[in-house]
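Coordinate analysis (summary)
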Amino acid sequence: MRKGELTRAAILDVAITLASRDGLEGLTIGLLAEKMNMSKSGVFAHFGSREDLQIEVVKLYHRQFEQEVFYPSIKEARGLPRLEAMFGRWIRQVTIEIASGCIYISGAVEYDDRPGEIREQLVSMVRTWQDALHRCTVQAIEAGHLRADTDAEQLVYEMYGLILGLHHDARFLKKAGSVERAQKGFDRLIDSYRDPASLPTAKKSSQTNQKIAAKTSARSIQ
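Let me begin by describing the structure that accompanies this report. Being a predicted model, the structure only gives us computed values, none of them experimental.

Some details on the pattern of salt bridges
On inspection of all chains with the given rule, the structure shows 8 salt bridges. Note that Arg21 is salt-bridged to Asp22, the shortest N-O span being 2.7 Å. Residue classification places Arg21 among the partly exposed positions, given a relative accessible area of 48%. With a relative accessible area of 35%, Asp22 lands in the partly exposed category. Notably, a salt bridge pairs Glu56 with Lys59, separated by 3.9 Å at the nearest N-O pair. Taken together, the positions of Glu56 and Lys59, both in helix H4 (residues 50-73) and 3 residues apart, correspond to about one turn of that helix. What makes Glu56 buried here is its relative accessible area of 18%. Residues joined by salt bridges that share partners form a network here, namely Arg8, Glu56 and Lys59.

Focus on helix H6 (residues 103-111)
Burial in H6 covers these residues: Ile103, Tyr104, Ile105, Gly107, Glu110 and Tyr111. Where H6 is buried, its residues contact helix H1 (3-22), H4, helix H7 (117-142) and helix H8 (152-172).

Description of a negative patch on the surface
A surface patch of negative charge is lined by Glu51, Asp52, Glu117 and Glu120. Put simply, the parts of the chain that give the negative patch at least two residues each are H4 and H7. Relative to the elements of secondary structure, Glu120 occurs in helix H7.

A closer look at the nonpolar core
Ranked by internal contacts, the top residues of the largest apolar core, which has 61 residues, are Leu24, Leu53, Val57, Trp90 and Trp129. Considering every element that reaches this core, the biggest residue donor is H7, with 10 residues. With residues near it in sequence (within four places) discarded, Val57 still touches Leu12, Ala15, Ile16, Ala19, Leu24, Leu27 and Ile103.

Rules behind the numbers
- Residues numbered from 1 in each chain as written.
- Predicted model: local features only at pLDDT ≥ 70, side-chain atom pairs only at ≥ 80, totals over all residues.
- Heavy atoms only, no water.
- Salt bridge = Lys/Arg side-chain N within 4 Å of Asp/Glu carboxyl O.
- Buried < 20%, exposed > 50% of the residue type's maximum accessible area, 1.4 Å probe, protein only.
- Helix = DSSP H or I, 4+ residues; strand = E, 2+ residues; numbered from the N terminus.
- Contact = heavy atoms within 4.5 Å.
- Patch = residues over 30% accessible without salt bridge, like charges linked within 9 Å, V, L, I, M, F, W, Y side chains within 5 Å.
- Areas by Shrake-Rupley, 256 points an atom, 1.4 Å probe, with all protein chains shown as cover.
- Lys, Arg positive; Asp, Glu negative; His and termini not counted.
- Charge placed at Lys NZ, Arg CZ, Asp CG, Glu CD.
- Core = buried A, V, L, I, M, F, W, Y, C linked by side-chain atoms within 4.5 Å.

Keep in mind these numbers describe shape, not what the thing actually does.
In C-alpha cells, the structure reads:
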C-alpha cells in the first residue's frame, strides 16, 4: 500500500473505534483529526465529506463482520451445522463488542427514521446478513435437519431477537450469564423445529456450542 492508502486505512481504524463507542453521529472530522494528530483538512483530503467517512466506516464494519462471522461459518457442513456456526460466531462477535458497541445495532437506533445514504447502507448490510441466515435455514430444511414445515423467516426473526436481547442485557444491564441464556434460547428454538431423526447429532453440537458460549461469557462479561 502507498502512503496515502496507509493513512486512509489508519484513519478508518480509528474512526470505526470512535463510531462503535459514540455512534456514527458522534463521529466528527474534528475529533478524528485530534485522535490522528492531523489537521481537519488532512482528514478531508482522504474523505470528501463527513457522510462519506461515515459510509466508509459502515462498509469497513460490514467487511470485518463477514471476515469474523460469515466466511468462517460457511466452511462448516451445509445445513444445521453451518447455521449453528453462524449463530455461535455471531454471539462471540457480540460479546467482543459489549465494551465498544455494535454499529449495526446503534446505527438502527440512530437512523431508523432518518432517510439518506447511511441508512440505506446499513439496511442493505443487515438485510444481506438476514438473507444469509434465511438461506442457511432453508438449506437445513432441505437437508432434513429441520422439519419440512419450518418457517424459515420466523426462525431468523427469533434468532435476531435473541441477539438483540443479548446485546441489551449484556451491554446495558450488565447481566452476568447473558451469553449462556442466548445460547440456550437458540438451542430451544432449534429443537422446536428439529427433525427427530437428527437429534443424536444435534445434541452433541448443542453441547459444544454451550461450552463455547460459557468460555466466551467468562472472558468478556464481568
